[in-house]
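Tertiary structure, described
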Amino acid sequence: MSALDWHLLLLRDNPFSISPPEEAEDVVWAGLPELKTQIEQKLIEARSSATTQVILNRGPLGGGKTHALRFYSLLDNWPPGSGQNVRDVVVIPVLTPKETGKADKDFYIDVLERLGMAHIRQTVVSALQEVGPEAALAALRRITGSESLAQAIQMLGGDDGSAQGHLFKVGSRTERNLLLDAYFLDGCTKAELRKLGLARNIDKAQDRFRVLAGLLHCFIGLAPDRQVTTHSRVCLWLDELEDLVYFTAAQYRPFTQGLRDLIDRLPGFFTLLLNFTLTTPQELDEIEIIMGKPLVDRLTDYVIFSEMTLEQALQYVRELLAHWRTTTPAALDLPPLYPFKEDALRYLIENLDKRTPRSVNKRCYNAAMAALRRGVTEGPGEIWVDLDLVKFMARSELDQEFD
Amino acid sequence: MPRNRSLLVCVPDTNSLIHLREVEIAGRDARLWLWDEFEVRVGPTIPQEAARHPDLMRGQLRRKLERSAVSPAFDLGQIEQSFLTSLGISFEGENDLGERDNCSVTLQMVIQNSARQVIFLTDELRIVRDRGGFVKQLFDTYPIGLLWNSLDFLVYLYLRQWRFSYSEAESAVRTVNARIGGQQDQVANRLVTYTQHLQSIDSARRQLPTLWHR
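Since the structure is predicted, the reported quantities are computational estimates derived from the model, not experimental observations.

**So, the overall build of chain B**
A count of helical and extended segments in chain B gives 11 helices and 6 strands. In summary, chain B has a C-alpha radius of gyration of 18 Å against a globular reference of 17 Å for 214 residues, a match within 12%. Summarising its shape, the C-alpha atoms of chain B cover approximately 50 × 45 × 35 Å along the three principal directions. In the form shown here, chain B has an accessible surface area of approximately 10700 Å², with 48% of it arising from carbon and sulfur atoms.

Structure follows, in structure tokens:
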């Protein structure tokens, strides 16, 4: 259906997407004020405290967890903190690695690529300048538990004219950065390691998470105090953690051990958000089997993405439509739920198996499509999704998947 | 009546043998434990299917599998015509040939008293599902034994073998469950269910350890 067709319904385009938009700027929040408040309470704490948070976001498929991740990956959508706030918040959304050989390595690369090596370098430079190279090296050694990994991270913050310049003699800054990028992302040859003055590559899973801890701490700030205003907050938001069930033991152990290690090595200014889909109501002990007790033991909080009540769903649709209007319906003496008659929308929502945003979107989209097909000769503001239409539609047609 | 009890027979499918690869139990390939615990018999197709995965079926395992192949007295067509047609089950070409061979072998062994009951080991979800799974239908109609998947076998071993530690068992279940695959909720529910089985056995082991120390 084209944007023109949606204009007939006083909408800029399809508001009823099945998956949230890829770009955070395109993601809107509609309805569900209680859920929004629940999430934002955690984010306010993130902005205004030094506490490390490990938050489990649990709920059914299509319940809005990925939507929340994308919405809040944009800092503009965060609530202001209360009182004194951290300098900055860095949100890193990452997918749980899929069925691949080395889940821990894929995760490590994903985080680095998400941040970008140029950004990481700039951040390390700032972190080193803030506390000085010796204090920085000492802090990195403490965080990573490794002298060589600490030195490697410190090198990222060096330049040709700096104290680290003597460590290797490579022609241009670009070539040095390329070598360091290779070291952190992929690995170097023995000759390249010698040039860098490093003993070995980052081969072990344990080392990858130690490096991540060191790098993320540079974003947080290396000052040893816990003053909120002199540090930043890093939020690592992990989506689709339920896919852990597809990990063999050889993939599962280093990955979950790595996450635990990361939490333990970042005792302040770190937020780990874990999106976890439950397709059946599962008790905590069942989540524990899938995630592992050591990880569950480190959880500090939960956000429950429950199914909507009927009234919540109506509010959700009303606000969603409002975001996408070309013209306010009131200007044409139309109700705010236009093109839906309220009784038709109630009917659509009442007998849903699962009252999640995704399933509501699916029904609304299919009903709107049917109305447009029926009212093909009508003008803007004249096509309705009414009770006769939705009752006439078969359940399979109402719940049909669309792209 | 025969004087001797016939054997406890296990008829494993190729997919189970593949899913149990690289799983060690008390220092030994999990698949070799099949031969320790049961009389293993397979239809003639299974060694041929196994030969297509030489890296997964090396050495001792390959030889044992070849020695366990049986050539039943009645051919597959006769057995399927006699036992499955009445259930409305038919096949196209060589689809599911390994499993069909194993079903034929199972029926003939039980009826001809080579086995009282058979443990039919397969991870092929489609053929054992409640609606439309032909092996499920067969076993529901003719009481020839039990349907197990590889996870059932692992839990069985954990129940019987004290040397099989809980952490080994948990890892084995996680790995094999991931390999069996399926829809996310199926995989998750299986992992939870079988891990809970292990936990129950573990609890019993702790409370009554002397039962296992014989």
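**With respect to the sheet that holds strand 4 (residues 39-40) of chain B**
All names here are of chain B. Spatial ordering of the open sheet is given by 4-1-5-6, a layout of 4 strands whose pairing is parallel. Lying at the two open borders of the sheet, with one neighbouring strand each, are strand 4 and strand 6 (145-148). Pairing between strand 1 (residues 7-12) and strand 4: 2 bridges, direction parallel. Across the sheet, Cys-10 pairs through a bridge with Val-40, a residue of strand 4. Of the strands in this sheet, strand 5 (115-121) and strand 6 are in contact with helix 9 (residues 150-160), which crosses strand 6 at around 105°.

**Thoughts on the pattern of salt bridges**
Per the counting criterion, the structure on display carries 31 salt bridges over all chains. In this structure, Arg373(A) and Glu397(A) form a salt bridge, with 3.5 Å as the shortest nitrogen-oxygen distance. With Arg373(A) in helix 16 (residues 357-374) and Glu397(A) in helix 18 (residues 395-398), this pair connects stretches of sequence that are 24 residues apart. For Lys136(B), the salt bridge is made with Asp140(B), and the minimal N-O distance between the two is 2.8 Å. Note that Lys136(B) and Asp140(B) are positioned in helix 8 (residues 134-141) at a spacing of 4 residues, about one turn of the helix. Asp140(B) sits in the exposed class, given a relative accessible area of 55%.

**Description of the interface of chain A and chain B**
Accessible area lost when the parts come together is the quantity often used to give the size of an interface. Counting residues at the interface gives 17 residues for chain A, matched by 17 residues for chain B. Contact with chain B buries surface across chain A, with Val245(A), Tyr246(A) and Ile289(A) losing the most and accounting together for 43% of the total. In this assembly, chain A and chain B are joined by 0 salt bridges. The interface formed by chain A and chain B includes 7 residue pairs in polar contact (both at pLDDT 80 or more). For the side of chain A that touches chain B, the elements supplying multiple residues, two or more each, are helix 11 (249-265) and helix 12 (284-291) of chain A. Considering every element that reaches the side of chain A that touches chain B, the biggest residue donor is helix 12 of chain A, with 4 residues.

**A few points about the environment of His19(B)**
Residue and element names in this part refer to chain B. One can find His-19 in helix 1 (residues 14-19). Taking relative accessible area as the criterion, His-19 reaches 13% and is therefore assigned buried. In this structure the C-alpha to C-alpha distance between His-19 and Arg-31, which are 12 residues apart in sequence, comes to 9.6 Å. Here His-19 is in contact with Asp-123, Val-176, Arg-179 and Ile-180, once residues within four sequence places are set aside.

**As for helix 5 (residues 76-83) of chain B**
All names here are of chain B. Within helix 5, burial applies to Leu-76, Ile-79, Glu-80 and Phe-83. Down the axis of helix 5, the buried side of the element spans an arc of 95°, and every buried residue falls inside it. Summarising the geometry of helix 5, the exposed residues directed more than 90 degrees from the buried face are Gln-81 and Ser-82. Contact partners of the buried residues in helix 5: helix 6 (97-111). For helix 5, the side-chain oxygen to backbone nitrogen distance between the N-cap and Gly-77 is 3.1 Å, and the N-cap itself is Asp-75.

**Some points on the nonpolar core**
Ranked by internal contacts, the top residues of the largest apolar core, which has 183 residues, are Phe107(A), Tyr183(A), Phe184(A), Phe255(A), Phe270(A), Met291(A) and Phe153(B). Once residues lying within four places of it in the same chain are set aside, the contact partners of Phe255(A) are Pro97(A), Ala103(A), Asp104(A), Phe107(A), Phe209(A), Leu238(A), Leu241(A), Leu244(A) and Phe247(A). Ranked by size, the runner-up nonpolar core spans 21 residues in total, among them Val9(B), Leu84(B), Cys103(B) and Phe139(B).

How each quantity is defined
- Residue indices begin from 1 for each chain and proceed along its sequence in written order.
- For this description, chains carry letters from A and ligands carry numbers from 1, given in the order in which they are written.
- Residue-level local features of this predicted model are given only where pLDDT is at least 70; pairs of side-chain atoms are given and counted only at 80 or more, and the full residue set underlies all totals for whole chains, interfaces and linings.
- Only hydrogens and water are removed before side-chain values are computed, so all heavy atoms of the structure are retained for them.
- What counts as a helix is a DSSP run of H or I of at least four residues, what counts as a strand is a run of E of at least two, and both are numbered from the N terminus.
- Note on method: radius of gyration uses C-alpha positions; expected globular size equals 2.2 Å times residues raised to 0.38.
- Here the Shrake-Rupley method, with its probe set to 1.4 Å, supplies the accessible areas, and only the displayed protein chains count as covering residues.
- By definition, two strands form a pair when at least two bridges between them are found by DSSP.
- By definition, residues are in contact when any of their heavy atoms lie within 4.5 Å.
- Axis definition: a line fitted to C-alpha atoms, over the contacting stretch in the case of helices. Angles run 0 to 180 degrees between N-to-C directions.
- When a carboxyl oxygen of Asp or Glu is within 4 Å of a side-chain nitrogen of Lys or Arg, the pair counts as a salt bridge.
- Burial status follows relative accessibility: with a 1.4 Å probe on protein chains alone, a residue under 20% of its type maximum counts as buried, one over 50% as exposed, and anything between as partly exposed.
- The term buried area refers to how much accessible surface (probe radius 1.4 Å) is lost by two components on association, counted for both of them together.
- For the purposes of these results, a polar contact is taken to be a pair of N or O atoms within 3.5 Å, where, inside protein, one atom must be able to donate a hydrogen and its partner to accept one; residues adjacent in sequence count only when each atom of the pair is a side-chain atom.
- The reported arc concerns the directions from the helix axis to the C-beta atoms and nothing else.
- Buried Ala, Val, Leu, Ile, Met, Phe, Trp, Tyr and Cys residues that are joined via side-chain atoms within 4.5 Å together make up what is termed a nonpolar core.

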